[in-house]
Amino acid sequence: MRIDRTRDLGPYVEKEGDDRIICRCEEVTQGEIRKAVHDGMFTLTEVRRYLRCGMGLCQGQTCGKLVRGIIARELGEKPSELEPATSRSPMRPTEMHVWANEETNEEGA
Amino acid sequence: MKRYDLIIIGAGPSGLSAAIEAAKRKMNVVVFDENARPGGQLFKQIHKFFGSKEHKAKIRGFVIGEQLLKEATDLGVDVELDSTVMGIYPNREIVVRQGDHVNHFKGDSIIVATGAAENMVTFDGWTLPGVIGAGAAQTMMNLHGIKPGNKILMLGSGNVGLVVSYQLLQAGCEVVALVDAAPRVGGYGVHASKVARTGVPFYLSHTIVKADGTDHVTGVTIAEVDSKFQFIPGTEKHFDVDTICLAVGLSPMSQLLKMAGCEMDNSGPAEVPVIDESGATSVPGIYAVGDVAGIEEASSAMIEGRMAGIKVAEYLGFEEAEKGDKEFDKNVAALDGLRQGMFAPRNRGKKIEKTEEGIDISENLLLHGFVADDEIERFPGVTHRAGVHPVMECTQNIPCNPCEDACPKHVIEVGSNITNLPHIVEGNECIDCGMCVASCSGQAIFLINEDTGDGKAEVTMPYEFLPLPTEGQTGKALSREGKPVCDATVVRVRSSKAYDHTNLVTISVPKDMVMKARFFKAV
Amino acid sequence: MGDTQERIANHPILGTYEKGEPVTFTYDGKEMTGFEGEPIAMALKANGVMVHRYTAKKHLPRGIFCAIGRCTDCVMVVDGEPNVRTCMTPLKEGMDVRTQYGVSDKPFDEQ
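Residues numbered from 1 in each chain as written. Chains lettered and ligands numbered in written order. Predicted model: local features only at pLDDT ≥ 70, side-chain atom pairs only at ≥ 80, totals over all residues.

Asks: Any chance you could break down the overall build of chain B for me, citing the residues and the numbers?
Replies: Helix and strand counts for chain B stand at 12 helices and 30 strands. Relative to a compact globule of 523 residues, whose C-alpha radius of gyration would be 24 Å, chain B shows 24 Å and is just as compact. Taken over 523 residues, chain B has a buried fraction of 58%. A sequence separation of at least 24 residues applies to 64% of the contacts in chain B between residues at least 6 apart. (Helix = DSSP H or I, 4+ residues; strand = E, 2+ residues; numbered from the N terminus. Rg over C-alpha atoms; globule rule 2.2 N^0.38 Å. Buried ≥ 20, exposed ≤ 12 C-beta atoms within 10 Å, placed from the backbone. Contact = placed C-beta atoms within 7 Å.)

Asks: Which residues make up the overall build of chain A, and what values do they have?
Replies: On a plain count of helices and strands, chain A comes out with 4 helices and 2 strands. Along chain A, helices and strands appear, N-terminal first, in the series β-β-α-α-α-α. For 109 residues, the compact-globule formula gives about 13 Å, and the C-alpha radius of gyration of chain A, at 17 Å, lies well above that figure. Reported as C-alpha extents along the three principal axes, the dimensions of chain A are approximately 60 × 30 × 20 Å. In chain A, which comprises 109 residues, the share counted as buried stands at 33%. For chain A, contacts bridging at least 24 residues in sequence account for 52% of all contacts bridging at least 6.

Asks: I'd like a description of the domain arrangement of chain B, backed by residues and values.
Replies: All names here are of chain B. Taken domain by domain, chain B comprises domain 1 (2-117 + 250-338), domain 2 (120-246) and domain 3 (376-522). Here domain 2 and domain 3 have C-alpha centroids that lie 29 Å from each other. Sorting the residues of the side of domain 2 that touches domain 3 by element identifies α4 (159-170) and α5 (189-196) as the ones contributing at least two each. Its residues assigned to classes, the side of domain 2 that touches domain 3 shows 5 nonpolar, 6 polar and 2 charged. (Domains from an automatic or database assignment. Nonpolar A, V, L, I, M, F, W, Y, C, P; charged D, E, K, R; others polar.)

Asks: With reference to specific residues and values, describe the sheet that holds strand β8 (residues 110-112) of chain B.
Replies: Residues and elements named next belong to chain B. Read across the open sheet, the 5 strands follow the order β4-β3-β2-β8-β21; overall the sheet is parallel. Looking at the sheet topology across the chains shown, the edges are occupied by β4 (78-80) and β21 (286-288). Adjacent strand axes in the sheet meet at a mean angle of 20°, parallel and antiparallel pairs treated alike. (Pairing = 2+ DSSP bridges. Axes fitted to C-alpha atoms, helices over the stretch in contact; angles between N-to-C directions.)

Asks: Account for the confidence of the model for chain B, with residues named and values stated.
Replies: Parts of the model with low pLDDT should not have their predicted coordinates read in detail. With 100% of its residues at a pLDDT of 70 or more, chain B has an overall mean of 96. Taken together, the chains of this predicted complex give a pTM of 0.96 and an interface ipTM of 0.96. (pLDDT = per-residue confidence, 0-100.)

Asks: Could you give an account of the pairing of strand β6 (residues 93-98) of chain B, naming the residues involved and the relevant values?
Replies: Residues and elements named next belong to chain B. For strand β5 (residues 83-89) and β6, the ladder comprises 6 bridges, and the chain directions are antiparallel. Considered in β6, the bridge of Ile88 is made with Ile94. Taken together, β5 and the strand that follows it, β6, pair antiparallel across an intervening segment of 3 residues, in which Asn91 is found at a positive phi of about 60°. In this structure, β6 lies alongside strand β7 (residues 101-107), joined through 6 bridges in antiparallel fashion. Looking at β7, one finds that Arg97 is bridged to Val102. Counting the residues that bridge the hairpin from β6 to β7 gives 2 residues, and of these Gly99 lies at a positive phi of roughly 60°.

Asks: Outline the interface of chain B and chain C, listing residues and values.
Replies: Between chain B and chain C, the residue contacts involve 28 residues of the former and 26 residues of the latter. Those elements giving two or more residues to the side of chain B that touches chain C turn out to be β10 (131-133) and α3 (134-143) of chain B. Among the elements that line the side of chain B that touches chain C, the one with the most residues is α3 of chain B, at 6 residues. For the side of chain B that touches chain C, the per-class residue count stands at 12 nonpolar, 12 polar and 4 charged.

Asks: For the sheet that holds strand β4 (residues 61-62) of chain C, give the residues involved together with the corresponding values.
Replies: Residues and elements named next belong to chain C. Pairing within the open sheet is mixed, and its 3 strands lie in the order β4-β3-β8. Every other strand in the sheet has two partners, leaving β4 and β8 (100-101) as the edge strands with one partner each. By the bridge criterion, 2 bridges tie strand β3 (residues 53-54) to β8 in an arrangement that is parallel. For Tyr54, the partnering residue across the bridge sits in β8 and is Tyr101.

Asks: Describe the packing of helix α1 (residues 13-24) of chain B against helix α2 (residues 61-74) of chain B, and please don't skip the residues or the numbers.
Replies: Residue and element names in this part refer to chain B. It is the contact of α1 with α2, at a shortest axis distance of 9 Å, that shows an interaxial angle of 30°. Put simply, α1 runs roughly parallel to α2. Here α1 runs over α2; the crossing is left-handed. Residue-level inspection shows Pro13, Leu16, Ser17, Ala19, Ile20 and Ala23 of α1 in contact with α2, the latter providing Leu68, Leu69, Glu71 and Ala72. Class assignment of the residues belonging to the contact of α1 with α2 gives a composition of 8 nonpolar, 1 polar and 1 charged. (Parallel < 35°, antiparallel > 145°, perpendicular 65-115°, else oblique. Left-handed = near helix turned anticlockwise from the far one by under 90°.)

Asks: An account of the environment of Lys350 of chain B is requested, with residue identities and associated values reported.
Replies: Tracing the backbone shows Lys350 of chain B in the loop between α8 (321-338) and α9 (363-368). Sequence separation between Lys350 of chain B and Lys228 of chain B is 122 residues; the distance between their C-alpha atoms is 17 Å.

Asks: How would you sum up the confidence of the model for chain A? Please name residues and give values.
Replies: Per-chain confidence: chain A averages 89 in pLDDT, with 94% of residues scoring 70 or above. For chain A, per-element mean pLDDT is lowest for helix α4 (residues 96-99) of chain A, which scores 91, and highest for strand β2 (residues 28-29) of chain A, which scores 98.

Asks: Could you give me a rundown of the interface of chain B and chain A, with the residues and numbers involved?
Replies: Between chain B and chain A, the contact holds 30 residues from the first and 25 residues from the second. Elements with a minimum of two residues in the side of chain B that touches chain A: β5, β6, β7 and α6 (255-259) of chain B. Considering every element that reaches the side of chain B that touches chain A, the biggest residue donor is β7 of chain B, with 5 residues. Partitioning the side of chain B that touches chain A into residue classes produces 11 nonpolar, 13 polar and 6 charged.

Asks: Residue-level account of the packing of α3 of chain B against α4 of chain B, with values.
Replies: All names here are of chain B. Orientation of α3 relative to α4, taken along the N-to-C sense of each, is 30°, at an axis distance of 10 Å. Put simply, α3 runs roughly parallel to α4. Crossing hand, α3 versus α4: left-handed. Contacts from Ala134, Ala137, Gln138, Met141 and Asn142 of α3 reach α4 at Val160, Gly161, Val164, Gln167 and Leu168. Of the residues that constitute the contact of α3 with α4, the class distribution is 6 nonpolar, 4 polar and no charged.

Shown next, in the form of C-alpha cells:
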C-alpha cells in the first residue's frame, strides 16, 4: 500500500477530548495518538510501536477500531484507506511459562 | 501433533452447526473454544428467536444452544473448552493453549467461527467501573445470576441494546433510559415496543456526554446531537445511575483468518474475509462462518455453519457432490428466507418508508420505540370484532411466522411470503387459547375482548417478569408508551408449559381503553 | 451470599441458577462469601465490590468491563499472582483476592 509521506498536516492543535483515554490497557489518550500522527506516524503499526497503544494485556481488542478512526480522521482519510494492522500469534496474552510448555514431540496432545 | 479431518474454531451457533453437518458425514471433528462454556452467545439469549419453524423460531436462544451441543456431542464431535487458538500456520496447523500447555493440531480443513467483539465509544469517564459492555451485562445476569446494576442507562438501540434492556428489566434492574446517537431506532420495532411499554424512555439523536463518579459510576449526562453528531448546547439531561451499558455494534474477530493469509476486505467498517457462498476463503481448506464473516443474527449463523459443514465434507470426499449440493441448496433457500424484509443485510442503514404491503411505517416507532395510537389502526393485524380476537401489533416486515403455526383454528395468516404482516382469516373463530400471544417472539400479539359488559373490556398480554400478577390484583394499565392510562384489574393469569415461560395476563379496563392498555403495573 | 440485592434469586425465564457450594474467600483481607466455580468477579460484584484495580500510569480505577476475558480490565492479584482475569477465573475456597495497583497488591504510596 502506498503511503503519501509528503503530506503536511500542520501543527498538532489540542482539541476537546484529547485527555480522554483511548487505549485502556496502556493508558494512551486521544491527544497522544493525534500528536503521533503529526509526528509522522501514519499507520496503525507505526502508532502502535510509537505509543504502545494496542500492545497491552488485551492486545488491542478494545481500542483497535477507535485508534484506527482517530488516525484516519487526523490524516483526513477514511478508516478503510489506512493500512490494516498486522495479525500474528499469540492471539491472546500468554505467559512465558506456558510457552515453555509448548508441545514439541510428535506424539503429544 | 494430532490430526483431524476438520478443526472448527469457536463453539457458537455457526461452529456447532458446521460440526454437526460434518460429523453426520463421518468426519472426525474437533471444536476449540476459548471459553469455559460452549454455545457462544446463545446461552445468553433468553428471548424466543424469530424466523420460521425451519429456523428454530420461537425457541429461546439458550435452548437452541443446548440442542446444538447435544446433537454435536451425540455425533461424536470433540468439543474442547478453555482452549484458545493462538495462531493458524501454513498447511492448516494450529497452535492451541490448553491450561498451562501449548499444543499443536493439524486439520485437513479449518472452519473459523470466532464470532464478533463489541464496538466501543468513548466519553469522559468511560473507563470508570460501572461502564460495561452489553455482553458483560448478559453474561452477568443470564449466566451467573448477578444483577449488572440497579439503575442502568443503555446506549444503543440496535437489537442488542433493545434485547439486553429487556433482559435487564427481567433481571429486576431499572433501565432509566435507552439512548442512541442515531435519529432512528436501529433494531426491530417489536423489541423496542416491549421495552417502551414498561415505561423506559427512548432518547434518539442523543448520546453520552460524560459519566460521573470518582471510583465508580454515580450518574450520567446525555445531550442531543445534531445531524453531524455534535452536541447541541443546552440539551443536557442528567440521570442518577450506577451502571452504563454500551451496545454500539459488533465487529468480526477476523484476526486468525488474516494471520492464515486469507484475503481480507478492508473497505467496510471492519475487516472481513473474502468468502464465497459456502464460506470458503481464498486459502484452500479454510472457511469462515457466522459473525466473523459478517455480522448477522444467530439464526443466519447456524445456516451458514451447516452450509460450510456440507461443503467441507464434499471438499474432502466425505460427501458426494450431488447429494451434498442438494442439501446445500436447501440451506441456501433457508438463508435467503432469513435475509428478507426490512432488516435484510441489503437494507442496512436505509430508511424504509413503507411496508411491503404499501403501508406507511410507524414514524413514532422509529423515533420513540412505540407505535402511536393514531398509527396502530392502519396495520393489517389490528382489527375490531365481537368476542375475543387477536390484535397483532406487528408493523415491520420481518421473516417470522410462528403465530400462523401456533393458532389451532387458523385465525392468523402470514402466508407464503414469510415477511408478510400477519392478518386475520375471516370466518375462523378465535378460541382464546393464547398460543399466538405466547408464540410471538416479538411479544406483539394481544387478545382483546372489546366489550365484556358493564362498560369494560379485556386485554390479554404476554408477561415475562416476576413477580407475576395475581388474579384480583389491581393496578394501572400502561400505554404503549409506558404511561399509566387507567385503573386495571387482573382477571386471569395463565401459565402453561406450552407457553414456554411467557405468562398470559388478562386485565379488565374501561372499554375506551382497550386499544391503549398494553402493560400492567401493580400499584 | 453477599448482598442478596445483587443476586437474582428467581428469574422469570431461567428460574434458579446452578451454583457450586458456598465458599469463603478474602478480598483485601476482608472475608466474603461466594459460590465455588463462579467467576471471582461475580462473587465480588455480589458483595458490592466495583473497583478491581488502579492503573499503573494514571492510578485510575477499573472494574468489570467485558466480562468475557477479552478486555483484561478486571485483573487482580489472586493468591499472589498479578494480572489474573477475575471474570474468567473460578472462585475457590480460601482464595486471597487483592486489589491490583499497577501490577502489585501494594498501594502506590507503599511501592
